[in-house]
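For reference, the chains in residue letters:
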Amino acid sequence: MLASPVVAGFARELVSGVLWEWGLPFLVPDAVLVMGELAANAIEASGRQDVIKVHVELGVGEVVLAVWDGCAAQPVAQDVELSLETLDLREENFDANGGWGLSIVEGLAERYWVDHTRPVGKWVCAAMKTSGRA
Ligand SMILES: Nc1ncnc2c1ncn2[C@@H]1O[C@H](COP(=O)(O)OP(=O)(O)O)[C@@H](O)[C@H]1O
Ligand SMILES: [Mg+2]
């Protein structure tokens, strides 16, 4: 996909569609949230002429969501516990602080990791359990 902000919604729709096809509709809300965050980060890190790639895979007991971008910079999650008290890190940016995407991904995913590709780029990946969810 072209690395444009408009494709984040398309990436979410793709995830939703395949999860319904695979008989996993209960995973859709969390999975589209995770995909939206991964896609938004990849788009933000890319130039407007670049591409991102979206991958959804059904593994044993898990669904893997992954987004590739060609940017050398690394994802860095905030080192703050996600709570209502810490949600607005700065008073003057009420409800517009940003910086929580990867914390949400780490919170919802069973596993989260980055696979580097050659000569450039990386897949940012999150695995979500398909069973045993509370
Ligand atoms: N795919 C990526 N490529 C490069 N840097 C990334 C990527 N994803 C995240 N980052 C870095 O990690 C930071 C934290 O990401 P995130 O938690 O989603 O917060 P936000 O996107 O609101 O800044 C980003 O600000 C960015 O610097
Ligand atoms: Mg983000």
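Structure: above.
Residues numbered from 1 in each chain as written. Chains lettered and ligands numbered in written order. Predicted model: local features only at pLDDT ≥ 70, side-chain atom pairs only at ≥ 80, totals over all residues. Heavy atoms only, no water.

Draft legend 1. Looking closely at the site of ligand 1. Neighbouring ligand 1 are 14 residues; N41, D69, G99, L102 and K122 lie closest to it. Between a nitrogen atom of ligand 1 and a side-chain N or O atom of K122, the distance comes to 2.9 Å. With the chains in place, 70% of the 530 Å² that ligand 1 exposes on its own is no longer accessible. Of all the elements in the fold, those that place two or more residues in the shell around ligand 1 are α2 (28–45) and α3 (101–108). Looking at the shell around ligand 1 element by element, the count peaks at three residues for α2. Broken down by class, the residue content of the shell around ligand 1 amounts to seven nonpolar, five polar and two charged. (Near = heavy atom within 4 Å. Polar contact = N/O pair within 3.5 Å; in protein donor to acceptor, adjacent residues only side chain to side chain. Areas by Shrake-Rupley, 256 points an atom, 1.4 Å probe, with all protein chains shown as cover. Helix = DSSP H or I, 4+ residues; strand = E, 2+ residues; numbered from the N terminus. Nonpolar A, V, L, I, M, F, W, Y, C, P; charged D, E, K, R; others polar.)

Draft legend 2. Spatial organisation of the nonpolar core. With 26 residues, the main nonpolar core has V15, L19, V34, M35, L38, I52 and L65 as its most contacted residues. Breaking this core down by element, the ones donating at least two residues are α1 (7–21), α2, β2 (62–69) and β4 (122–129). Of all the elements, α2 adds the most residues to this core, at nine residues. (Core = buried A, V, L, I, M, F, W, Y, C linked by side-chain atoms within 4.5 Å. Buried < 20%, exposed > 50% of the residue type's maximum accessible area, 1.4 Å probe, protein only.)

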